[in-house]
Amino acid sequence: MPDAQTPKKPGPEETVTLIVKHRVKAGFEQPYEAWLRNIVSVAGREEGHLGVDVMRSQQGGLALFTCVLRYCSTDAMQRWLDSPQRQKLIDEAAPMLADGDQTEVNAANEFWFTPTAEAGSPPPRWKQAVVTLLVILPHTLLVPLIWGPLLQLNAFLSNYVVATFLITLTIVVSVVYVFMPPVTRLFAPWLEAGQSHKHLESNANPPR
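Overview of the structure. A quick note: this is a predicted structure, and the numbers were derived from the prediction, not measured. (Residues numbered from 1 in each chain as written. Predicted model: local features only at pLDDT ≥ 70, side-chain atom pairs only at ≥ 80, totals over all residues. Heavy atoms only, no water.)

**A closer look at the nonpolar core**
Logical step 1: Judged by nonpolar contacts, the single largest core of 24 residues is most densely connected at Leu18, Tyr32, Trp35, Leu69, Tyr71 and Trp80.
Logical step 2: Of all the secondary structure elements, the ones that give two or more residues to this core are β1 (16-24), α1 (29-44), β3 (62-71), α2 (74-82) and α3 (84-93).
Logical step 3: Considering every element that reaches this core, the biggest residue donor is α1, with six residues.
Logical step 4: Discounting residues that sit within four places of it in the chain, Leu18 has contacts with Cys67, Val68, Leu69, Tyr71, Met77, Trp80, Leu81, Thr103, Glu104 and Val105. (Core = buried A, V, L, I, M, F, W, Y, C linked by side-chain atoms within 4.5 Å. Buried < 20%, exposed > 50% of the residue type's maximum accessible area, 1.4 Å probe, protein only. Helix = DSSP H or I, 4+ residues; strand = E, 2+ residues; numbered from the N terminus. Contact = heavy atoms within 4.5 Å.)

**What to know about the environment of Thr170**
Logical step 1: With respect to the secondary-structure elements, Thr170 resides in helix α5 (residues 160-186).
Logical step 2: Exposure remark for Thr170: the relative accessible area of 29% places this residue in the partly exposed category.
Logical step 3: Each C-alpha atom of the pair Thr170 and Trp147 lies 9.4 Å from the other, and the pair is 23 residues apart in sequence.
Logical step 4: For Thr170, the residues in contact, after removing those within four places along its chain, are Val143 and Trp147.

**Considering the packing of aromatic side chains**
Logical step 1: Within the structure shown, the criterion is met by four aromatic pairs.
Logical step 2: Measuring from ring centre to ring centre gives 6.4 Å for Phe187 and Trp190, while their planes differ by 70°; the resulting arrangement is edge-to-face.
Logical step 3: By relative accessible area, Phe187 is classed as partly exposed at 28%.
Logical step 4: Counting every residue linked through ring pairs, the aromatic cluster contains Tyr32, Trp35 and Phe65.
Logical step 5: The ring of Trp190 carries Lys127 above its face, with NZ or CZ at 5.0 Å from the centroid. (Phe/Tyr/Trp six-rings, centres within 6.5 Å; stacked < 30°, edge-to-face > 60°. Lys NZ or Arg CZ within 6 Å of the ring centre and 35° of its normal.)

**Details of the pairing of strand β2 (residues 49-59)**
Logical step 1: As judged from the 10 bridges shared by β2 and β3, these two strands associate in the antiparallel manner. Looking at the pairing, Val52 lines up with Leu69 of β3.
Logical step 2: The loop that links β2 with its antiparallel partner β3 comprises two residues; one of these, Gly60, has a positive phi angle of about 60°. (Pairing = 2+ DSSP bridges.)

**A look at the environment of Gly60**
Logical step 1: Position of Gly60 among the secondary structure elements: in the loop between β2 and β3.
Logical step 2: Gly60 sits in the partly exposed class, given a relative accessible area of 38%.
Logical step 3: The spatial distance from the C-alpha of Gly60 to the C-alpha of Arg23 is 9.0 Å, given a sequence separation of 37 residues.

See below:
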């Protein structure tokens with residue numbers, strides 16, 4: 001029997017997010033910022049790239065950069081990870097990084113609540129549910145009202161299945177790509193309140 005503890009990996013056609021964390025050595029913050037702008041630009045030109053969010057924080061007294069890159073499929077993400085362009089850029093950044101290039105892959109529905117800053121784990125499910133409700137509820141109230149007059153203009157559009165599809169598609173696209181990323185950043189202090197923070201300091205304090 002398969003191990004129940006093994007997390008399910010995203011399929012080749014499932015939208016995924018690539019989380020990259022870099023802790024920058026003291027004094028290299030400005031060169032790293034310039035390098036980061038370059039690699040974000042290069043990654044954005046790759047096929048299947050859907051967008052990126054960059055979060056800046058502190059960890060163990062050093063600057064921590066967390067990049068959340070979204071891809072249309074696992075294959076698209078893997079092409080970027082394996083690309084010579086990325087490897088060359090990572091080699092350039094290596095002398096500036098305290099802990100190397102740290103990557104993590106999540107399914108699309110997990111990226112909203114990816115631990116930001118120094119949080120060691122995602123926020124409690126009930127907090128995730130509250131934030132999701134705050135975003136989806138206004139959509140379910142307003143989107144049908146917005147679509148209503150347009151759906152009445154054509155018999156095909158006013159079909160129950162077609163109308164439901166258009167309304168649902170509008171809600172999903174708006175929630176996933178427009179509202180959830182900034183809302184989760186806005187609520188990040190509350191989502192992460194009370195969580196224990198784990199610092200990546202094993203290299204600074206090796207076992208004796």
